[in-house]
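Below are the chains, spelled out letter by letter.
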Amino acid sequence: MEKSIFDTVPLEQFIILSLILFCIGMVGVLRRRNMIVVFMSIELMLNAVNLLAVAFSAHRGDPSGQVFVFFVMVVAAAEVALGLAILVMIYRNVKSVDVNALKQLKW
Amino acid sequence: MEQVIFYGLALIAIVGALVTIFARNAMYSVLALVVTFFAMAGLYLQLNAEFVAVVHIIVYAGAIMVLFLFVVMMLNLNSVSSIVSNNTSVKWIAGLFGLAMAGILGYGTYVTTLPARGVNAAENGTVKVLGKMLFNEYLLPFELTSVLLIATMVGVIVLTKKEE
């Protein structure tokens, strides 16, 4: 068997780490009112999932997981560009990036 | 040694993530998130995923965070400091939901038997292996990403263009 990280750090610890990061991101989404920070929290959650995929990919010795992570990154980049464009547009209209400024969307 | 590096990077990533969601100034949030991303790139390197690590640094730390920083500066949000929810019950509920989610996911991890370790090929994460996969099995999705990116680009330009 070749030497690998999993000899010293078991897979469970990678799972727990990405779990913690995902939950921190979720708390950020629920807690913050600044739309930019909410966006960053979503990025954090996406990254936690990426980390998990790479960990499993390395664990199984199957590179498909890393190809998948590549596609997730592409979609995340597109999503951020569009999201920030929408955010700038919202800021122009309501002069605020507070999520409560968009309460009308409820109806 | 590997363990020490792993725990160090994990600690940096978690602290960076916490600073990201708790900092009052959006600028500090962006910078803390950059630190988190670099720590995660280190973790990818530990997992022998060189290609993903490099792409991660270029795309996230290089492009996405610069975009965030640019928007934060452009909107000059330092004057808008009412970014943390004033409603304390919302804070508590958010924390509660986070803990509940962690509990559920942790329990799921605990009861699941993980798959056995596969044959660990050290060159799994290199550009050579992933490039061959991208241009053989995943050729169609790879080409479709270019359509996605061009559509995004057009959409962003249309959205942010000032109306006459």
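Parameters at a glance
Residues numbered from 1 in each chain as written. Chains lettered and ligands numbered in written order. Predicted model: local features only at pLDDT ≥ 70, side-chain atom pairs only at ≥ 80, totals over all residues. Heavy atoms only, no water. Helix = DSSP H or I, 4+ residues; strand = E, 2+ residues; numbered from the N terminus. Rg over C-alpha atoms; globule rule 2.2 N^0.38 Å. Buried < 20%, exposed > 50% of the residue type's maximum accessible area, 1.4 Å probe, protein only. Areas by Shrake-Rupley, 256 points an atom, 1.4 Å probe, with all protein chains shown as cover. Lys, Arg positive; Asp, Glu negative; His and termini not counted. Charge placed at Lys NZ, Arg CZ, Asp CG, Glu CD. Salt bridge = Lys/Arg side-chain N within 4 Å of Asp/Glu carboxyl O. Axes fitted to C-alpha atoms, helices over the stretch in contact; angles between N-to-C directions. Parallel < 35°, antiparallel > 145°, perpendicular 65-115°, else oblique. Contact = heavy atoms within 4.5 Å. Expected span 1.5 Å × (residues − 1). Core = buried A, V, L, I, M, F, W, Y, C linked by side-chain atoms within 4.5 Å. Domains from an automatic or database assignment. Buried area = accessible area lost by both parts, 1.4 Å probe. Polar contact = N/O pair within 3.5 Å; in protein donor to acceptor, adjacent residues only side chain to side chain.

Undergrad: How should the overall build of chain A be read in this particular structure?
TA: Check the secondary structure of chain A and you find three helices and zero strands. For 107 residues, the compact-globule estimate of 2.2 N^0.38 gives 13 Å, and the C-alpha radius of gyration of chain A, at 18 Å, exceeds that figure by more than 25%. In terms of its C-alpha atoms, chain A occupies a principal-axis envelope of roughly 60 × 25 × 20 Å. Here chain A, with 107 residues, has 60% of them falling under the buried criterion. Put simply, chain A shows about 4400 Å² of open surface, and 69% of that area lies on carbon and sulfur atoms. When the 9 positive and 7 negative side-chain charges of chain A are each reduced to one mean point, those points stand 20 Å apart.

Undergrad: It is not clear to me how the pattern of salt bridges should be interpreted in this structure. Could you clarify?
TA: Should their charged atoms come close, side chains of opposite charge can pair. Residue and element names in this part refer to chain A. For the coordinates displayed, the defined rule picks out one salt bridge over all chains. Where R33 meets D98, a salt bridge forms, and the shortest distance between an N and an O atom there is 3.2 Å. Pair noted here: R33 is in the loop between α1 (11–31) and α2 (35–60) and D98 is in the segment after α3 (64–94), with a separation of 65 residues, a long-range link. By relative accessible area, which is 13% here, R33 ends up buried.

Undergrad: What am I meant to see in the packing of α3 of chain A against helix α5 (residues 127–134) of chain B here?
TA: Axis separation between α3 of chain A and α5 of chain B bottoms out at 10 Å; the angle between their running directions is 75°. Here α3 of chain A lies roughly perpendicular to α5 of chain B, going by the angle between them. Residues S64, Q66, V67, F70 and F71 of chain A of α3 of chain A form the contact with α5 of chain B, whose participating residues are L130, M133 and L134 of chain B.

Undergrad: I'm lost on α3 of chain A in this one. Help?
TA: In an α-helix, one full turn covers 3.6 residues, which means residues spaced three or four apart are oriented alike. The end-to-end C-alpha distance of α3 of chain A is 44 Å, a good match for the 45 Å that 31 residues give at a rise of 1.5 Å each. Of the residues trailing α3 of chain A, K95 of chain A is marked for its positive phi of about 55°.

Undergrad: Even after reading the chapter, I still don't get the nonpolar core, so can you show me in this structure?
TA: For soluble globular proteins, nonpolar side chains are generally found buried alongside one another. Ranked by internal contacts, the top residues of the largest apolar core, which has 72 residues, are F14 and L87 of chain A together with F68 of chain B. For this core, the elements supplying multiple residues, two or more each, are α1, α2 and α3 of chain A together with α1 (2–22), α2 (26–46), α3 (50–75) and α5 of chain B. If one sorts the elements of this core by residue count, α3 of chain A sits on top with 13 residues.

Undergrad: Please clarify how the side chain of N47 of chain A should be interpreted in this entry.
TA: You can see N47 of chain A is positioned in helix α2. Note on N47 of chain A: relative accessible area 0%, which makes it buried. In this view, N47 of chain A contacts F37, M40, Y44, H56 and Y60 of chain B; residues no more than four positions away in its chain are not counted.

Undergrad: It is not clear to me how the environment of V99 of chain A should be interpreted in this structure. Could you clarify?
TA: All names here are of chain A. Topologically, V99 is positioned in the segment after α3. Separated by 43 residues in the primary sequence, V99 and F56 have C-alpha atoms spaced 36 Å apart. Setting aside chain neighbours within four positions, we find V99 in contact with R32, R33 and M35.

Undergrad: Which parts of the structure should I look at to understand the domain arrangement of chain B?
TA: By a frequent convention, interface size equals the accessible area lost on bringing the separate parts together. All names here are of chain B. Here chain B is described as being made up of domain 1 (1–109) and domain 2 (123–164). Between the C-alpha centres of domain 1 and domain 2 there is a distance of 24 Å. Counting from both sides, the interface comprises four residues of domain 1 and, opposite them, four residues of domain 2. Buried surface at the junction of domain 1 and domain 2, both sides included, amounts to about 330 Å², of which 74% is carbon and sulfur. Looking only at domain 1, the three residues that lose the most surface to domain 2 are N48, E50 and F51, adding up to 90% of its buried area. In this structure, the connection of domain 1 to domain 2 is made through zero salt bridges. Scanning the region where domain 1 abuts domain 2 turns up zero residue pairs in polar contact (both at pLDDT 80 or more).

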